[in-house]
Protein chains: 4
Amino acid sequence: MCRLLAGHPNLRLAGVHANSSAGRRLGELQPHLLPYADLEVQPSDAAALSGYDVVVLALPHGESAAIAAQLSDDTLVVDCGADHRLNDPAAWARWYGGEHAGSWPYGLPELPGQREQLAGARRIAVPGCYPTSVTLALAPALAAGLVEPDVVVVAASGTSGAGKSAKPHLLGSEVMGSVSAYGVGGVHRHTPEMVQNLAQAAGREVTVSFTPTLVPMSRGILATCSAPLTAGTDAAAARAAYEKAYGDEPFVHLLPEGQWPTTAQVLGANTVALQLAVDPDAGRLVVVAAVDNLTKGTGGAAIQCANLALGLPETTGLPVVGVAP
Amino acid sequence: MCRLLAGHPNLRLAGVHANSSAGRRLGELQPHLLPYADLEVQPSDAAALSGYDVVVLALPHGESAAIAAQLSDDTLVVDCGADHRLNDPAAWARWYGGEHAGSWPYGLPELPGQREQLAGARRIAVPGCYPTSVTLALAPALAAGLVEPDVVVVAASGTSGAGKSAKPHLLGSEVMGSVSAYGVGGVHRHTPEMVQNLAQAAGREVTVSFTPTLVPMSRGILATCSAPLTAGTDAAAARAAYEKAYGDEPFVHLLPEGQWPTTAQVLGANTVALQLAVDPDAGRLVVVAAVDNLTKGTGGAAIQCANLALGLPETTGLPVVGVAP
Amino acid sequence: MCRLLAGHPNLRLAGVHANSSAGRRLGELQPHLLPYADLEVQPSDAAALSGYDVVVLALPHGESAAIAAQLSDDTLVVDCGADHRLNDPAAWARWYGGEHAGSWPYGLPELPGQREQLAGARRIAVPGCYPTSVTLALAPALAAGLVEPDVVVVAASGTSGAGKSAKPHLLGSEVMGSVSAYGVGGVHRHTPEMVQNLAQAAGREVTVSFTPTLVPMSRGILATCSAPLTAGTDAAAARAAYEKAYGDEPFVHLLPEGQWPTTAQVLGANTVALQLAVDPDAGRLVVVAAVDNLTKGTGGAAIQCANLALGLPETTGLPVVGVAP
Amino acid sequence: MCRLLAGHPNLRLAGVHANSSAGRRLGELQPHLLPYADLEVQPSDAAALSGYDVVVLALPHGESAAIAAQLSDDTLVVDCGADHRLNDPAAWARWYGGEHAGSWPYGLPELPGQREQLAGARRIAVPGCYPTSVTLALAPALAAGLVEPDVVVVAASGTSGAGKSAKPHLLGSEVMGSVSAYGVGGVHRHTPEMVQNLAQAAGREVTVSFTPTLVPMSRGILATCSAPLTAGTDAAAARAAYEKAYGDEPFVHLLPEGQWPTTAQVLGANTVALQLAVDPDAGRLVVVAAVDNLTKGTGGAAIQCANLALGLPETTGLPVVGVAP
C-alpha cells in the first residue's frame, strides 16, 4: 500500500505507526520504500492516530476494533484486519472468539450494491485475500443459479500472505522448490467469510471446502473454485453470467476464451483475472481466479475503497497491468 | 531414471536410444549425468533395442505399442507412456484416438493385488504422475466406503512434467513467480486413468473433477483430493483405513498427525507423503499427497516395478529420503 | 515499457509493430497487458512506423539502424538495441561485425553532461542492461581516481534478459533451483559498452573482466563490481564521491550504510540501488548495484530518455518503489 | 548428511544430539527424514556423545573444540564447524576471537597430499562450503604459476547456507525473486580459510576479494573466481593444469569445453563441476565452480572424509549425479 501511495495523486502517506517498531526509520524495515526511508515509525495508539483524514489499520484480530472506537466518526477508517468483516456474531465467536465488534461496509465494490454502500462511508472492512478471489470467482454463478451451493476451493498462495514474522517453515530454504498444504479440513479463518459472501450471492446456505496451499513465490493467489452444475447449465450460460457481472468492472477481467489466469499477470496490480470451464463428465463448473494478495487482496483494495469513500475516481492510483514477466 | 540407475546395484544403464538426438553424446543433452557423459545416443527403432534384458520406453502415445510388439516376450518392457495404462478401448479412443493396443499390468504395486501381478511380469505400464498421487490419495477411502465416489482434485505440479520441449509459456521468465491452471474442465488426459483406478477401488462408477496447476518449481506434485463423506465417517475411521492400507508400504507414508506433505520432502525420492483431514462443515474428506513426478511419478516407479518383475527386493536402488531443504 | 505507458500521463501506446507476430492481438502474446488486449500487431517496416511522434525500437543488432534511417528527423527514435551505443567503429566491427551505423546520444542521463545531450534529442541509444548497472556502479570511483582502471564484474541476471525465444536451457525446469555462468572469458557483447563508458569516466584505458550469471528469477540484475584501490582511498572518500555523483539523482540511490541492494527492491521500478565497501586486505573497492533489467535496464530508461527529449519532467510515469516483497 | 547415511552401506545413523531440541523426535524437526522419524534427539554434551565410533559435529565456532577434547582419541571426530580449519592462531584470533584450539587434518582430499593425511585420521576438519568451491577452482592455476596471487571471487549461494534459524531477511517472501550481496568488503569469515588454502597452493602470499551473494534457491554455490594471468598463460595451458589436477578425481569434474557448471547438476551430489576460460582482453583466468553447499560443501564431504579415515572406499554412499532438472 505504501508503494501505491507513492504514486497516488490525491492521497499522501503522512505517517506510519506500529508498536514494536516505533522509533525506527521506515527505511530500515522496508528498504524498498525509498521515498519514505526517513519516515520515523510512531506509536500506534488511538491518540497518536488522531488527526489524519484516513487511517488504514492492519492489525491482529481484536485490535482494530478497539482503536477504531476511539477515532472520530469523520475519519475514514479502512480496516485490513478481520474485525469487521463478518456479519454474524456467532460466526465471529466460533472462528475468532470473544464478542463481535460489529460489521462495517464490506470493501468489495464489485459485489452488487456494494459500491453504493462504500461511497461516502467512513468505516470500511477490507476483505481477506482468499475471500476476495473466491467470492469474485463464484458469486455470479451462484447468483444466477448455475451451480449448487456446494463449493470446493483449493487456493495456491505466495508466502507473503503469512507476513513478516520469521517462522522456520516460511524460510526461503523451506519454501523454495516446495508446495505444501496448510489449514486443511475447513479450519482456515477465511472460510466463514467466503461462506457469508457466497451465501449472500446464492440467497441460500452454502458449504465451502477450502484448502489453502503454499507455493514458492512471494505474491499472488490462484484460486481454483468449483461447484456442481445445476440442470441446464452450459458453458455459454456460464460465460454470459460472468460477462454480465464484470463487463464494466475496471479491475475484474474475464479473460478471452482459451486464456487462463496467471498470478504473474496481476503482480503488483489491483486486477483480478478470471476464467471458467464447464466439465460435463464431472458435472462441475470450474472457475479460476488470480489476484495479488497484497494489492487487490489487501493494500490495493484499501485504496480502491478509500477512493470510493472519498469521492475520488475509483481507479485513481491503482495499476491494472501486472509486472510480468 | 538414469540418475537412479547410477546407484542401482543390479541394473546397469547399457544404452540410450532416441531419434532426434541419435549420434550425440548423453553429456551434451543431460550434462548432470556425468558417469554417462560419453554414452552415444543410438537410434530408437525396435531392432536397435533388441538385446537388452530390460527396455524402458518413454515415448509419445501410440509409439511404444508399436515398438514393444517387435521386442521379445522375454524382454522386460517397462512403458512410461500412456499406451497400455487404460483397460477400456472406448476410453482410449475418446482420449487418445485410434485403436487401443491393450492394457499391461499396471505399475502401482501399492494397490491391492497389484504387487502379485507385477512379480515376474515382462510388460508393465507405469502410471501417469498425476494418477499415481491421486489414486494413492483416495483409493483407501473409496475402497472402505468412507466417501462418495464424487471426487474433486486440484493438483500443483512442477514444470518438469511438461518435458524438455521448449515452449514460450514454460520459459523460466514466465513460470517463476507465477501459478497458473491448465487443462481445466476435465480435459487432461490423465483424467480417465484416475477414473479407472478409483472406480476399481470403489467398486462402482466414479466422477473426477481434475484441475492441474503449474507452480514455480522444477519437480513435484501436490495433489489436494476430496470427496463427500458418507454417513458416519469420522477422522479416526479415515485414519485407520489409510494406516491399514499403507502401514507396511515402503514408499507410501501417512505422516504423523499435524504434519502435512511438502513436495520438498520427496524430492528425488520414490516416496509418497500423505495426510488427511475430515471437514465436518463442508462434509468432505480431504487427502493431500506429495510425490516427485520424475521419481515415484515416473522413473522411480519404473525401477520399483522392474525390481518386482526381476525378483529383486522391491526397494533396491530407490531412495526414501528427499533432498530437502 | 507497455506496462509503464499504461500509467504515463503524456505518452500513449498508439501502435505495436512486429514481423512474425503481425496480425495477432497483443492480448494473445502478452496477456497481462489487459488495456491493450485488442491492439492488433502491425508490420514493422519503416513505412508502417511513420506517423508516430515517438518510435521505440527493440530489434536484433543491425536492424534498427536500417529502419531509423527511413524515419523523419523530427520523429523521436529511441533504440533499445545495440546499433548506436558504441562510438568506436572498430569496436563495433569486432563485437557485432560489419559497418557501424554511427553512435547516438547515449541514454544514461546520470552520467556527467549526458542529460544536456538528451534534452531535445531526436535519436537516443538506450544502454544495455548490464552496462547501465556497471557504469553507474563504477563511474564515480573511476572519475575521482579512487580506483585503478582494472575492473572485475560478476553480474547475476534474471532470465527475462534472454527474451521470449524458447530455448531448452531457459526452460523453467532448467533455471529454477539453479545458477549458472555464461559468456565467460570476456565474450559477452555488453563488454565493449562497459569499457567505453568506464574509460570515459576514468579518462584513460580501462579493462573489464565481465562474467554474467543466470539466477532463478524473472527480472533483475545484481552487479558486483570491484577495482583495486589507489593509494589513499578509504571508505569515507569513496562514499563522498558517490554521494556527490548521485545525491540529486531521482533514480540512483546510494543506500544508507549497512544496507545492501536487493533486486526485489527495484522490481518494476526505474531505480538503481547502490552500496559500496572498501576491502583493505584485498585492496579493492567493491560496489554492488541492483536494477530491474526490463525497467531502468531497458523500458524505463527509454521512457526516462523520451521524457527528457520531449521536455517533460524526467520522472514522469516512472515508479521509484519496487514491488517488494 | 542424514539423508546420505540412510543409503550408506557401512555407516549407520545411531543417534542425534542437540541442545535446544533434545527430547523431540527427529521427525518433528526434519519431516523428510522418514526412516529416522522416531529417533529421539538427545543432549549434546560430551558424555552423551561417548560410545560412538564416529561423531560428526556441526556447532557454532568455539563449541566443537570443547566437546572434542573430551572424546576418546579412538573416536573419529569429524567437525563441520570452523574450530580446526585455520592453521594460524593469529588468523583465528582476528576472525573468530579468543584462543585457537589448533588445526586438524583438513578434509579436502582433492588437495595434493591431503588424501594421505586423512587416511586413518581420527580428527578431521571439514572445509567451509565457500572455501571448498574456491579452493578447488583456483588451486591448480596458482600451483602451476598460471595466475598472479591476486584473486577476486563472487559466489552465489542458496539460502540453506544460513541454516534454519528464522531471520526476517531469509523468509521466502524476501528471498524469492531477489538477489542480494552480503558480507561485502572482505568481512566474511570464510575469507581467511580461502587465503590459507590458496597461499598453500601458490607457495606465496595471496589476496582474496570475496563477495558472497544470496540467490533464490535452497541449495548450491556457484563461485566465479578469477585472477590475473601470468605471462605466457593461455587456455590450453590452463586446461592442461586442471586435467592433470583432477583427471582421476571421482568428485571433481572439469566439464567438456563449451559446458558451464550449473548448481542443479550437483544438487544432492558430492560433485564439484568446474569450467574455465581465459580472457585475453582483461588478462584474467576465470574459473567457475558449482557445488551443493550441503553435500560436497558439508555433509557429503564429512562422509567422504569418514570413508577415508575408516579405510572404506572413498566414494561409498556418495552420489555423483545431481537431482536435475
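Because the structure is a prediction, the values reported are computed rather than measured.

Participant: Just give me the short version of the domain arrangement of chain A, but keep the residues and values in it.
Facilitator: In many reports, interface size means the accessible area that the parts give up when they come together. Residue and element names in this part refer to chain A. For chain A, the domain assignment lists domain 1 (1-126 + 298-310) and domain 2 (129-291). Once you take the C-alpha centre of each, domain 1 and domain 2 turn out to be 24 Å apart. Contacts between the two partners involve 19 residues from domain 1 and, on the opposite side, 25 residues from domain 2. A salt bridge links R85 to E193, with the shortest nitrogen-to-oxygen separation between them at 3.5 Å. Between the two partners, domain 1 and domain 2, sit 11 residue pairs in polar contact (both at pLDDT 80 or more). Residue assignment for the side of domain 1 that touches domain 2 shows that the elements contributing at least two residues are α1 (2-5) and α11 (295-310). Among the elements that line the side of domain 1 that touches domain 2, the one with the most residues is α11, at 3 residues. A per-class count over the side of domain 1 that touches domain 2 returns 9 nonpolar, 5 polar and 5 charged.

Participant: Kindly report on the relation of the copies chain D and chain A, identifying the contributing residues and their values.
Facilitator: Note on the copies: chain D fits chain A at an RMSD of 0.0 Å, the axial shift is 0.0 Å, and the rotation between them is 180°. The operation mapping one copy onto its partner corresponds to a two-fold rotation axis. For chain D, the smallest separation between a C-alpha atom and the rotation axis is recorded for D:G172, amounting to 1.8 Å. Most of the interface of chain D is mirrored in chain A, where 100% of its interface residues are also at the interface.

Participant: Describe the interface of chain D and chain A, with residues and values.
Facilitator: The partner chain A presents 18 residues to the 18 residues of chain D that form the contact. Along the contact surface separating chain D from chain A lie 2 salt bridges. Inspection of the region where chain D meets chain A yields 8 residue pairs in polar contact (both at pLDDT 80 or more). Class assignment for the residues of the side of chain D that touches chain A results in 8 nonpolar, 7 polar and 3 charged.

Participant: Give a description of helix α7 (residues 129-143) of chain C that names residues and reports values.
Facilitator: Residue and element names in this part refer to chain C. The first and last C-alpha atoms of α7 sit 21 Å apart over 15 residues, in line with the 21 Å expected at 1.5 Å per residue. When the local axis directions of α7 are compared, the greatest deviation, roughly 35°, occurs at T135. The buried fraction of α7 amounts to 14 of the 15 residues, a majority that puts the element mostly inside the structure. In the segment just after α7, G145 is the residue with positive phi, at about 70°.

Participant: Quick one: what's the story with the pairing of strand β4 (residues 150-157) of chain B, residue by residue and with numbers?
Facilitator: Residue and element names in this part refer to chain B. Counting buried positions along β4 gives 7 out of 8 residues, so the element sits mostly inside the fold. Judged from the 8 bridges that link them, β4 and strand β6 (residues 207-214) form a sheet pairing that is parallel. Across the sheet, residue V153 finds its bridge partner in β6, namely F210. Pairing of β4 with strand β7 (residues 221-228) involves 6 bridges; the strand directions are antiparallel. Residue pairing for β7: S157 is matched across the bridge by I221.

Participant: Lay out the nonpolar core in plain terms, naming residues and giving numbers.
Facilitator: All names here are of chain C. Membership of the largest hydrophobic core comes to 43 residues, with the highest contact counts inside it found for V151, Y242, L274 and L285. Tallying contributions element by element places α7 first for this core, with 9 residues. For this core, the two domains that each supply at least three residues are domain 1 (1-126 + 298-310) and domain 2 (129-291). Those residues in contact with Y242 that sit more than four places away from it in its chain are L136, A137, L138, P140, A141, G247, L254, L274, L276, L285 and V287.

Participant: Describe the interface of chain A and chain B, with residues and values.
Facilitator: Counting residues at the interface gives 39 residues for chain A, matched by 39 residues for chain B. Summing the contributions of chain A and of chain B, the shared interface buries around 3200 Å²; its carbon and sulfur component is 62%. The largest per-residue losses of area from chain A upon contact with chain B belong to A:V179, A:V184 and A:D281, which jointly make up 15% of the total buried on that side. Put simply, chain A and chain B have 2 salt bridges between them. A salt bridge links B:R94 to A:D281; the shortest N-O distance between them is 2.5 Å. The tally of links between chain A and chain B comes to 7 residue pairs in polar contact (both at pLDDT 80 or more). Considering every element that reaches the side of chain A that touches chain B, the biggest residue donor is strand β6 (residues 207-214) of chain A, with 5 residues. Partitioned by chemical class, the residues of the side of chain A that touches chain B number 20 nonpolar, 14 polar and 5 charged.

Participant: Give a detailed account of the UniProt feature "domain: Semialdehyde dehydrogenase NAD-binding" (unreviewed entry) in chain A, specifying residues and quantitative values.
Facilitator: The positions that UniProt labels "domain: Semialdehyde dehydrogenase NAD-binding" (unreviewed entry) are, in the present scheme, residues 1-119 of chain A. Along residues 1-119 of chain A, the helical share is 25% and the strand share 7%, with 20 Å between the first and last C-alpha atoms.

Participant: Give a detailed account of the sheet that holds strand β3 (residues 123-125) of chain C, specifying residues and quantitative values.
Facilitator: Hydrogen bonds between backbone atoms are what pair the strands of a sheet, whose relative direction is either parallel or antiparallel. All names here are of chain C. Ordered by their spatial adjacency, 3 strands build an open sheet running β1-β2-β3, and the pairing between neighbours is parallel. Because the sheet does not close on itself, it has two edges, and the strands there are β1 (54-57) and β3. For this sheet, the mean angle separating the axes of adjacent strands, direction not counted, is 15°. One ladder, built from 3 bridges, connects strand β2 (residues 76-79) with β3; its direction is parallel. Across the sheet, the residue bridging to V78 is I124, located in β3. Across the sheet, helix α11 (residues 295-310) touches β1, β2 and β3, and the angle it forms with β2 is around 155°.

Participant: Let's hear about the packing of aromatic side chains: which residues, and what values?
Facilitator: Per the counting criterion, the structure on display carries 12 aromatic pairs over all chains. The interplanar angle of 55° and the centroid separation of 6.3 Å between the aromatic rings of D:Y242 and D:Y246 together place this pair among those described as tilted. With D:Y242 and D:Y246 both in helix α10 (residues 235-246) and 4 residues apart, this pair spans about one turn of that helix. Summarising the burial analysis for this pair, D:Y242 and D:Y246 share the class buried. When the ring centre of A:W104 is taken as reference, the NZ or CZ atom of A:R123 above it lies at 5.8 Å.

Participant: Would you mind going over the pattern of salt bridges in detail, with residue names and values included?
Facilitator: Residues and elements named next belong to chain B. Under the criterion given, the structure shown has 47 salt bridges over all chains. In this structure, K296 engages E110 in a salt bridge whose closest nitrogen and oxygen atoms are separated by 3.0 Å. Taken together, the residues K296 in helix α11 (residues 295-310) and E110 in the loop between α5 (89-95) and α6 (114-118) connect sequence positions 186 residues apart. Judged by relative accessible area, which is 6%, E110 ranks as buried.

Participant: Mind laying out the sheet that holds strand β1 (residues 54-57) of chain A, listing which residues take part and the relevant values?
Facilitator: Residue and element names in this part refer to chain A. Taken together, 3 strands build an open sheet; the order of strands is β1-β2-β3 and the sheet is parallel. Looking at strand neighbours, the two that pair on one side only are β1 and β3 (123-125), the edges of this open sheet. Here the average twist between neighbouring strands, direction ignored, is 15°. Two elements, β1 and strand β2 (residues 76-79), share 4 bridges in a ladder whose sense is parallel. Note on β2: the bridge partner recorded for V55 is V77. Sitting on the sheet, α11 touches β1, β2 and β3, and the angle it makes with β2 is about 155°.

Thresholds, definitions, all that
Residues numbered from 1 in each chain as written. Chains lettered and ligands numbered in written order. Predicted model: local features only at pLDDT ≥ 70, side-chain atom pairs only at ≥ 80, totals over all residues. Heavy atoms only, no water. Domains from an automatic or database assignment. Contact = heavy atoms within 4.5 Å. Salt bridge = Lys/Arg side-chain N within 4 Å of Asp/Glu carboxyl O. Polar contact = N/O pair within 3.5 Å; in protein donor to acceptor, adjacent residues only side chain to side chain. Helix = DSSP H or I, 4+ residues; strand = E, 2+ residues; numbered from the N terminus. Nonpolar A, V, L, I, M, F, W, Y, C, P; charged D, E, K, R; others polar. Least-squares fit on C-alpha atoms with pLDDT ≥ 70 in both. Expected span 1.5 Å × (residues − 1). Bend = angle between axes of the 7 residues up to and from the residue. Buried < 20%, exposed > 50% of the residue type's maximum accessible area, 1.4 Å probe, protein only. Pairing = 2+ DSSP bridges. Core = buried A, V, L, I, M, F, W, Y, C linked by side-chain atoms within 4.5 Å. Buried area = accessible area lost by both parts, 1.4 Å probe. UniProt positions renumbered as here; feature names shortened; annotations may be inferred. Axes fitted to C-alpha atoms, helices over the stretch in contact; angles between N-to-C directions. Phe/Tyr/Trp six-rings, centres within 6.5 Å; stacked < 30°, edge-to-face > 60°. Lys NZ or Arg CZ within 6 Å of the ring centre and 35° of its normal.

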